[in-house]
Amino acid sequence: MNINIDGLNINYIDVGEGKPIVMLHGWGSSLDAFRLITDCLSSGRRVIALDFPGFGGSDMIGEPWSVEDYCQFTLKFFDALDLHDPDLICHSFGGRIVIKLCGSGRLNPEKIVLMDAAGIKNKPSVKSRVRTAAFKTGKFLLTLPIVRNFSRSALDRLRAHFGSADYNSAPPVLRSTLVKVVNEDLRDYLKNIKASALLIWGDLDTATPLSDAKLMEREISDCGLCVIKGTGHFSFIERPAQVNAILLSFFGG
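Reading the values: rules and limits
- Residues numbered from 1 in each chain as written.
- Predicted model: local features only at pLDDT ≥ 70, side-chain atom pairs only at ≥ 80, totals over all residues.
- Heavy atoms only, no water.
- Core = buried A, V, L, I, M, F, W, Y, C linked by side-chain atoms within 4.5 Å.
- Buried < 20%, exposed > 50% of the residue type's maximum accessible area, 1.4 Å probe, protein only.
- Contact = heavy atoms within 4.5 Å.
- Helix = DSSP H or I, 4+ residues; strand = E, 2+ residues; numbered from the N terminus.
- Pairing = 2+ DSSP bridges.
- Salt bridge = Lys/Arg side-chain N within 4 Å of Asp/Glu carboxyl O.
- Expected span 1.5 Å × (residues − 1).
- Axes fitted to C-alpha atoms, helices over the stretch in contact; angles between N-to-C directions.
- Right-handed = clockwise from strand over helix to strand, strands pointing away.

Engineer: Honestly, the nonpolar core in this entry has me stumped. Any pointers?
Structural biologist: Grouped burial of nonpolar side chains is what soluble globular proteins tend to show. Ranked by internal contacts, the top residues of the largest apolar core, which has 53 residues, are L50, F52, Y70, F77, L114 and M216. Ignoring any residue separated from it by four or fewer positions in sequence, one finds F52 in contact with L24, H25, S58, Y70, F73, T74, F93, G94 and I97. M23, L41, A49 and F251 belong to the second largest nonpolar core, which has 21 residues in total.

Structure, rendered in structure tokens:
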């Protein structure tokens, strides 16, 4: 299915009947990642999943977006589908939108599920700070006017060496977007979340470590944590039967 939001063609699915649940995917992913969860929950609930602008089957954004831009887009999408405080399931980057919208009081769902969610900015390690400084120095030198016209391939190699996989695989507008979103720490919103929250986390997650989940569990007043042993950042894909059973229990069948 498709809908136009502010001139952007947005791909989404809307299946099942009952109280709605909206699923928000992670960075570099799409609604397809939720296929097994959709099949499971749509037997008793209305399930909506969308591709954020710039991902999956949705249009690319024209300029870098912030977390707030994605929040505003999500609210407009809900208005277009006449959704009022639906329950929410999110993964990774989608957690940023859920945390900010619920923590700012703009959404007040009954239940939310944060799966390996992003939103906590941790202090970088010494190794990470050295790599960042080296990249910034190299980028500065390679963009000086005297060498700019001859350094494009060298700059690409520099990005490939120092950049993350998400950064390197993204088009330029999403690279700038990624820089904006990862530098926003959303921990102060957690204490204002009123929904009943369930955290589902892989104990081997290195992208959003288990320590983030434990911080969220402490800060959100009504919150429980389910650790999926032996899984990483995509715990719901690595252990679909286990995660689906947890979700069915949480949402009441």
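From this point on, the discussion continues.
Engineer: Hey, could you run me through the pairing of strand β6 (residues 111-115) in this one?
Structural biologist: Along any regular strand, the residues point their side chains to alternate faces of the sheet. In terms of burial, β6 is largely enclosed, as five of its five residues are buried. Alternating positions in β6 separate into two faces, K111, V113 and M115 on one and I112 and L114 on the other, with burial throughout. Bridge count between strand β5 (residues 87-91) and β6: four bridges; the pairing is parallel. The partner of C90 across the bridge, within β6, is L114.

Engineer: Even after reading the chapter, I still don't get the pattern of salt bridges, so can you show me in this structure?
Structural biologist: Where side chains of opposite charge bring their charged atoms close, a pairing between them can arise. This structure, assessed with the given rule, holds nine salt bridges. For D87, the salt bridge identified is with R45, shortest N-O distance 2.8 Å. Taken together, the positions of D87 in strand β5 and R45 in the loop between α1 (35-41) and β4 (46-50) put the pair 42 residues apart, joining distant regions of the chain. Looking at D87, the relative accessible area reads 1%, which means it is buried. Across the pair K100 and E68 runs a salt bridge whose closest N-O atoms are separated by 3.5 Å. Remark: E68 occurs in helix α2 (residues 67-80) and K100 occurs in helix α3 (residues 93-103); sequence separation between them is 32 residues. Take K100: its relative accessible area is 7%, and that puts it in the buried class. Connected via shared salt-bridge partners are K19, R45, D87 and E110.

Engineer: How should α2 be read in this particular structure?
Structural biologist: Three- or four-residue spacings in an α-helix give side chains the same orientation, since the helix completes a turn every 3.6 residues. The end-to-end C-alpha distance of α2, which contains 14 residues, comes to 20 Å, matching closely the 20 Å that a straight helix rising 1.5 Å per residue would cover. Residues of α2 that are buried: V67, Y70, C71, F73, T74, L75, F77 and F78. One or two steps after α2, the chain reaches D82, where phi turns positive at roughly 55°.

Engineer: Teacher, can you tell me more about the sheet that holds strand β2 (residues 8-15) here?
Structural biologist: Pairing between the strands of a sheet is mediated by backbone hydrogen bonds and can be parallel or antiparallel. The strand order β1-β2-β4-β3-β5-β6-β7-β8 describes an open sheet built from eight strands, whose pairing is mixed. At either margin of the open sheet sits one strand with a lone partner, and together these are β1 (2-5) and β8 (223-228). Pairwise comparison of adjacent strand axes, ignoring direction, gives a mean angle of 20° for this sheet. Taken together, the five bridges between β6 and strand β7 (residues 196-202) define a ladder with parallel strand orientation. What sits directly across from V113, in β7, is L198. α2 rests against β1, β2, β3 (20-24), β4 and β5 of the sheet, and its axis sits at about 125° to β1.

Engineer: Would you mind showing me how to read the side chain of S66 here?
Structural biologist: Relative to the elements of secondary structure, S66 occurs in the loop between β4 and α2. Take S66: its relative accessible area is 18%, and that puts it in the buried class. Among residues more than four places away in sequence, those in contact with S66 are K180 and V181.

Engineer: Any chance you could explain unusual backbone geometry here in plain terms?
Structural biologist: Note: most residues except glycine have negative phi, and most peptide bonds are trans. Positive phi is not limited to glycine here, since D6 has a value of about 55°. In this structure, D6 sits in the loop between β1 and β2. Residue class for D6 comes out exposed when judged on its relative accessible area of 58%. A positive phi angle, near 45°, is found at D116, a position not held by glycine. Here D116 lies in the loop between β6 and α4 (126-142).

Engineer: How should I be thinking about the pairing of β3 in this particular structure?
Structural biologist: Here β3 lies mainly inside the structure; five of its five residues are buried. Side chains P20, V22 and L24 project from β3 onto one buried face, and the interleaved I21 and M23 project onto a second face that is buried too. The sheet contact formed by β3 and β4 spans five bridges and is parallel. In the sheet register, L24 faces β4, and the bridge partner there is L50. Once the chain exits β3 it traverses α1 before rejoining the sheet at β4, and the crossover so formed is right-handed. One ladder, built from four bridges, connects β3 with β5; its direction is parallel. Paired with I21 across the two strands is D87, which belongs to β5.

Remember, this is a structural readout, not a statement about activity or role.
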